[in-house]
Amino acid sequence: MSEPRVRPDPAFALLSLYEAALPEVFGYLLARCGSRSIAEELTSETFLGAVSACRAEGAPPVSTAWLIGVARHKLVDHWRRREREERGLRLVHEAKVVDPWDEEVDALLAREVLAGLGAHHRAALTLRYLDGLRVPEVAQLLGRTVHATEALLVRARAAFRAVYQEKEGRRD
């Protein structure tokens, strides 16, 4: 009688990668959310989610790049939760403005302005311009149609521009 074959737990591959990948995943999240505590929470969610995901049938091989992808999804989920909370607290009328902004942007001021925007605007702008994703990819991650995402990006750019120019005026 032959003994049944035991499939090794794919989570062990994740465990061996943990020390090398942890600073990469945390750095990715911290750079995008700007809050150490939120980045720590999302990093922990990323690794917990990765354990479940890597055990699923047909899961891709565990790698740092794959973990960054999991982290991106956790970040988007965080922004969605935050957007729902903010939407429940206030109603905002946003004007539709369409004009390209060709000025040079101060990186520190831009980060400050981005941190002050609503979660839905911050998510759209970060995925589109910091992560360099195309609009259809942003739409997929945000769970929106391409048309709705394009409209969201127009409103987000207008909101960013208005706050940026206001703060820039105060610094002069």
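Procedures and definitions
- Residues numbered from 1 in each chain as written.
- Predicted model: local features only at pLDDT ≥ 70, side-chain atom pairs only at ≥ 80, totals over all residues.
- Heavy atoms only, no water.
- Helix = DSSP H or I, 4+ residues; strand = E, 2+ residues; numbered from the N terminus.
- Buried < 20%, exposed > 50% of the residue type's maximum accessible area, 1.4 Å probe, protein only.
- Contact = heavy atoms within 4.5 Å.
- Core = buried A, V, L, I, M, F, W, Y, C linked by side-chain atoms within 4.5 Å.
- Salt bridge = Lys/Arg side-chain N within 4 Å of Asp/Glu carboxyl O.

Draft legend 1. Geometry of the overall build of the chain. Looking only at helices and strands, the chain features 7 helices and 0 strands. Listed by position from the N terminus, the elements making up the chain come as α-α-α-α-α-α-α. Here the chain, with 172 residues, has 36% of them falling under the buried criterion. The contacts in the chain between residues at least 6 apart in sequence include a share of 71% that link residues at least 24 apart.

Draft legend 2. Structural view of the nonpolar core. Counting 41 residues, the largest nonpolar core has Val-25, Leu-29, Leu-67, Leu-125, Leu-127, Leu-142 and Phe-160 as the members making the most contacts within it. Among the elements of the structure, helix H1 (11-33), helix H2 (36-55), helix H3 (64-89), helix H4 (107-116), helix H5 (119-130), helix H6 (135-142) and helix H7 (146-171) are those that each provide at least two residues to this core. A total of 9 residues in this core trace back to one element, the largest contributor, which is H1. If sequence neighbours within four positions are ignored, Leu-125 has contacts with Leu-114, Leu-117, Leu-130, Leu-153, Ala-156, Arg-157 and Phe-160.

Draft legend 3. Just the pattern of salt bridges, in detail. Overall, the coordinates contain 7 salt bridges when judged by the stated rule. With a closest N to O distance of 3.6 Å, Glu-40 and Arg-36 form a salt bridge. Taken together, the residues span about one helical turn, with Glu-40 and Arg-36 both in helix H2 at a distance of 4 residues. For Glu-40, a relative accessible area of 43% gives the class partly exposed. Under the relative-accessibility criterion, Arg-36 is labelled exposed at 52%. Of the charged contacts in the structure, one is a salt bridge between Asp-77 and Arg-80, with a shortest N-O distance of 3.5 Å. With Asp-77 and Arg-80 both in helix H3 and 3 residues apart, this pair spans about one turn of that helix. Classification of Asp-77 as partly exposed rests on a relative accessible area of 29%.

Interpretation note: all reported values are geometric properties and have no functional meaning in isolation.
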